[in-house]
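Descriptive analysis of the structure
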Amino acid sequence: MATNPMHQFEVHRIGPSLSINGIDVSFTNSSLFMLISSILIITFFMIGTRKVNIIPDKIQLINEIVFNFISKMISETAGPKAKPYFPFILTIFLFILTLNMIGLLPYAFTVTSQIIITFFLAVVIFIGVTVVGFAKNGIGFLKIFAPSGVPIFLFPIIVAIEIISFLSRPVSLSVRLFANMLAGHTMLKVFGGFVVSLGIIGGWLPLSFSVALTALEILVAFLQAYVFAVLSCIYLNDALNMHH
Amino acid sequence: MELEAAKMIGAGLAAIALAGVGVGMGTIFGSYLSAAIRNPSAAQKQFPTLLLGFALTEAIGLFALVIALLILFAF
């Protein structure tokens with residue numbers, strides 16, 4: 001009995017059906033897992049900071065490791081001017097990391113495998129960075145489309161290419177995360193189906209591959225959250241530190 | 001030609017993009033390795049950059065997958 005590997009991506013309603021002006025806002029399994037992730041992150045940090053010691057104990061140590069990891073990454077890619085944006089980048093990183101990781105549990109729903117979720121996150125970053133760029137640099141923000149040292153006859157085509165690559169940032173940011181999660185989880189379910197259909201005799205081969213694939217997916221979950229955060233910091237660096 | 005057959009051919013052609021991804025992956029890790037063997041102490045500091053390069057190259061392969069799926073199932 002091989003079930004459809006795409007069945008795991010279906011969003012269905014849990015509880016009563018609510019709607020505001022005809023738009024369906026009922027609680028879904030997607031909302032449930034976002035709620036679970038948020039509660040997990042908040043609880044993790046609350047336990048770690050309940051009694052703050054100078055020499056950290058176990059949970060506080062992990063809190064500090066996560067904190068320093070993101071803090072170092074921000075100061076390396078975006079410099080000291082990006083310090084006020086640290087809580088935002090930390091939230092984005094932890095949220096995506098937890099959503100990715102929770103999706104690996106059996107029967108769990110991977111929220112970041114929905115394109116609308118990743119698209120919204122990417123658009124928030126894109127619009128945020130653009131607004132910050134115009135706020136800090138005024139109309140001079142448009143100078144990022146004109147890199148220095150370009151010969152004058154190539155200028156129009158370079159500016160066109162730069163504008164297109166700037167506008168493709170939210171698309172690439174969202175599709176990278178979405179496609180990684182979609183492809184990984186689809187492969188996991190497909191190989192799980194092979195294990196069941198090959199049974200006792202041949203089932204060990206797809207099972208060992210499934211184990212290796214799950215290990216790879218844990219790495220990919222962390223890596224994609226890290227790459228999303230790093231690219232957000234690089235875009236922020238473009239907006240904040242503009243001295244061409 | 002029927003639409004179904006054309007979709008299959010389109011999805012197959014979209015997979016050709018993975019050749020570029022393979023070359024890119026090999027280049028990234030190859031240059032990191034040859035530089036790391038020359039200067040092992042500086043290699044540790046560039047490890048996050050290696051992971052970033054790997055993930056960005058991997059993303060191109062996944063863009064090809066998305067195009068193949070779009071051709072197969074959305075048009």
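Computed from a prediction, not measured in an experiment: that's the story for all the values here.

**Concerning the overall build of chain A**
Secondary structure assignment for chain A yields seven helices and two strands. Going residue by residue from the N terminus, the α and β elements of chain A occur as β-β-α-α-α-α-α-α-α. With the principal axes as the frame, chain A shows a C-alpha extent of 70 × 55 × 45 Å. Looking at chain A as a whole, 26% of its 244 residues are labelled buried. Within chain A, contacts between residues at least 6 apart in sequence are counted, and of these 66% link residues at least 24 apart.

**Some details on the overall build of chain B**
Per the secondary structure count, chain B includes four helices and zero strands. N-terminal to C-terminal, the α/β element order of chain B is α-α-α-α. A globule of 75 residues ought to have a C-alpha radius of gyration of about 11 Å, yet chain B, at 18 Å, is considerably larger. Reported as C-alpha extents along the three principal axes, the dimensions of chain B are approximately 60 × 15 × 5 Å.

**Comments concerning the interface of chain B and chain A**
Residue-level contacts link eight residues of chain B with eleven residues of chain A. Per-class residue counts for the side of chain B that touches chain A are eight nonpolar, no polar and no charged.

**Some words on the confidence of the model for chain B**
Residues and elements named next belong to chain B. Across chain B, the average pLDDT comes to 92, with 100% of residues at or above 70. Averaged over each element, pLDDT in chain B is lowest for helix α4 (residues 47–73) (90) and highest for helix α2 (residues 18–38) (95). What the predictor reports for the complex is a pTM of 0.90 with an ipTM of 0.82.

**Regarding helix α4 (residues 115–137) of chain A**
Residue and element names in this part refer to chain A. Counted at 1.5 Å a residue, the expected span for α4 with its 23 residues is 33 Å, and the 32 Å between its end C-alpha atoms agrees. Turning to α4, its buried residues are I117, T118, L121, A122, I125, V129 and G133. Looking one or two residues beyond α4, the residue adopting positive phi is G138, at roughly 65 degrees.

**Points about the nonpolar core**
By size, the foremost hydrophobic cluster in this structure holds 42 residues, and its most contacted members are A:F93, A:A225, A:F228, A:A229, A:C233 and A:L236. When sequence neighbours within four positions are dropped, the list of residues in contact with A:F228 reads A:I92, A:I96, A:L173 and A:L177.

**Section: the packing of helix α1 (residues 3–14) of chain B against α4(B)**
Each pair of packed helices can be described by the angle between their axes along with the distance between the axes. All names here are of chain B. One can describe the packing of α1 onto α4 by two numbers: an axis separation of 8 Å at closest approach and a directional angle of 175 degrees. Taken together, the axes of α1 and α4 are roughly antiparallel relative to one another. Judged by residue contacts, K7, G10, A11 and A14 of α1 engage A64, I67, A68, I71 and L72 from α4. Across the contact of α1 with α4, the residue classes tally to seven nonpolar, one polar and one charged.

**Details of the environment of A:S232**
Residues and elements named next belong to chain A. Within the fold, S232 resides in helix α7 (residues 204–240). Looking at S232, the number of C-beta atoms within 10 Å reads 27, which means it is buried. Along the sequence, S232 and L173 sit 59 residues apart, while their C-alpha atoms lie 8.9 Å from each other. Setting aside residues no more than four positions away along its own chain, S232 makes contact with I89, I92 and I125.

About the cut-offs
Residues numbered from 1 in each chain as written. Chains lettered and ligands numbered in written order. Predicted model: local features only at pLDDT ≥ 70, side-chain atom pairs only at ≥ 80, totals over all residues. Helix = DSSP H or I, 4+ residues; strand = E, 2+ residues; numbered from the N terminus. Buried ≥ 20, exposed ≤ 12 C-beta atoms within 10 Å, placed from the backbone. Contact = placed C-beta atoms within 7 Å. Rg over C-alpha atoms; globule rule 2.2 N^0.38 Å. Nonpolar A, V, L, I, M, F, W, Y, C, P; charged D, E, K, R; others polar. pLDDT = per-residue confidence, 0-100. Expected span 1.5 Å × (residues − 1). Core = buried A, V, L, I, M, F, W, Y, C linked by C-beta atoms within 7 Å. Axes fitted to C-alpha atoms, helices over the stretch in contact; angles between N-to-C directions. Parallel < 35°, antiparallel > 145°, perpendicular 65-115°, else oblique.

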